[in-house]
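Here's the letter readout for the chains.
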Amino acid sequence: MKRHKTIIPLSHDHHVMLKMAQGIKKNSIKTDLGTSSISNKVKSVIHAYNTELLPHFNHEETILFPLAKGKDANLDILISEIIDEHDKIGEAIAKIEEGNQEQNLDDLGFLLELHIRKEEREVFSKIEEILGDELNIIDGQIYAVTDSCGI
Ligand SMILES: [Fe+2]
Ligand SMILES: [Fe+2]
């Protein structure tokens, strides 16, 4: 589906983040990250969380969602679920730093992948359907944060 131009930078981020999510799962060998050591994966993921995931979540929570909230009951529920998931992803990152890294990376990979697919397939589609050209109000405020990603 063709995204509204305002949301395209977020979809660009999703594309990069999805590769990371797939690369940190136990059985993944498809990406550069997938073939690196567990300790390198941990370093890459924590770096990506601080420099890319957090700013990306911030764009969603402070620019896109405030414009979308209060217009549709189902969309409001989806948005609150998504914000909860952002917190869960943060908790999963903290868990990786504590130990049992291979399993915790795997868990994060699944969590992140589900989150991104839900945003792309359900949330963004619904936002476009309900807001339409109202999205132009925030045009130019959201930019892709994953360009320097290296994953
Ligand atoms: Fe998100
Ligand atoms: Fe997102």
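All of the points below concern the structure found in this document. (Residues numbered from 1 in each chain as written. Chains lettered and ligands numbered in written order. Predicted model: local features only at pLDDT ≥ 70, side-chain atom pairs only at ≥ 80, totals over all residues. Heavy atoms only, no water.)

## Some words on the overall build of the chain
Summing up its helical and strand segments, the chain has four helices and zero strands in all. Ordered by position in the sequence, the α and β elements of the chain form the string α-α-α-α. Relative to its length of 151 residues, the chain is compact, with a C-alpha radius of gyration of 16 Å against a globular reference of 15 Å. Viewed in the frame of its principal axes, the chain has a C-alpha envelope of about 45 × 25 × 25 Å. Of all 151 residues assigned to the chain, the portion counted as buried reaches 48%. (Helix = DSSP H or I, 4+ residues; strand = E, 2+ residues; numbered from the N terminus. Rg over C-alpha atoms; globule rule 2.2 N^0.38 Å. Buried < 20%, exposed > 50% of the residue type's maximum accessible area, 1.4 Å probe, protein only.)

## Concerning the coordination of the iron ion (ligand 1)
Perfect tetrahedral coordination of a metal by four donors corresponds to 109.5 degrees between them, and perfect octahedral coordination by six donors corresponds to 90 or 180 degrees. Looking at the iron ion (ligand 1), the protein donor atoms are Glu 60 (OE), His 86 (NE2), His 115 (NE2) and Glu 119 (OE), and they sit 2.0 to 2.3 Å from it. One way to put it: the four donor atoms around the iron ion (ligand 1) meet at angles of 87 to 175 degrees, and that makes the site irregular. Sequence spacing of the donor residues for the iron ion (ligand 1), all on one chain, is E-x25-H-x28-H-x3-E. Here the iron ion (ligand 2) and the iron ion (ligand 1) are spaced 3.1 Å from one another, each receiving a donor from Glu 60. Of this pair, Glu 60 sits in helix H2 (residues 38-68) while Glu 119 sits in helix H4 (residues 101-131), placing them 59 residues apart in sequence. By relative accessible area, Glu 60 is classed as buried at 0%. (Donors = N, O, S within 2.8 Å, 3.2 Å for Na, K, Ca; no water. Tetrahedral: all angles 85-135°; square planar, octahedral: opposite > 155°, others 65-115°.)

## Comments concerning the pattern of salt bridges
Going through the model one piece at a time under the given rule, you end up with eight salt bridges. Overlapping salt bridges bring together Arg 3, Glu 120 and Glu 128 as one network. (Salt bridge = Lys/Arg side-chain N within 4 Å of Asp/Glu carboxyl O.)

## Concerning the coordination of the iron ion (ligand 2)
For the iron ion (ligand 2), every protein donor is listed as His 14 (NE2), His 56 (NE2), Glu 60 (OE) and Glu 119 (OE), and the spread of their distances is 1.9 to 2.2 Å. Note that the iron ion (ligand 2) binds four donor atoms; their angles at the metal cover 83 to 173 degrees, and the shape is irregular. Spacing between the donor residues of the iron ion (ligand 2) along the chain follows H-x41-H-x3-E-x58-E.

## Some thoughts on the nonpolar core
Val 45, Leu 53, Ile 89, Leu 108 and Leu 112 are the most contacted members of the largest nonpolar core, which has 20 residues in total. Elements with a contribution of two residues or more to this core: helix H1 (8-23), H2, helix H3 (73-98) and H4. Those residues in contact with Leu 53 that sit more than four places away from it in its chain are Met 17, Met 20, Ala 48, Ile 89 and Leu 112. (Core = buried A, V, L, I, M, F, W, Y, C linked by side-chain atoms within 4.5 Å. Contact = heavy atoms within 4.5 Å.)

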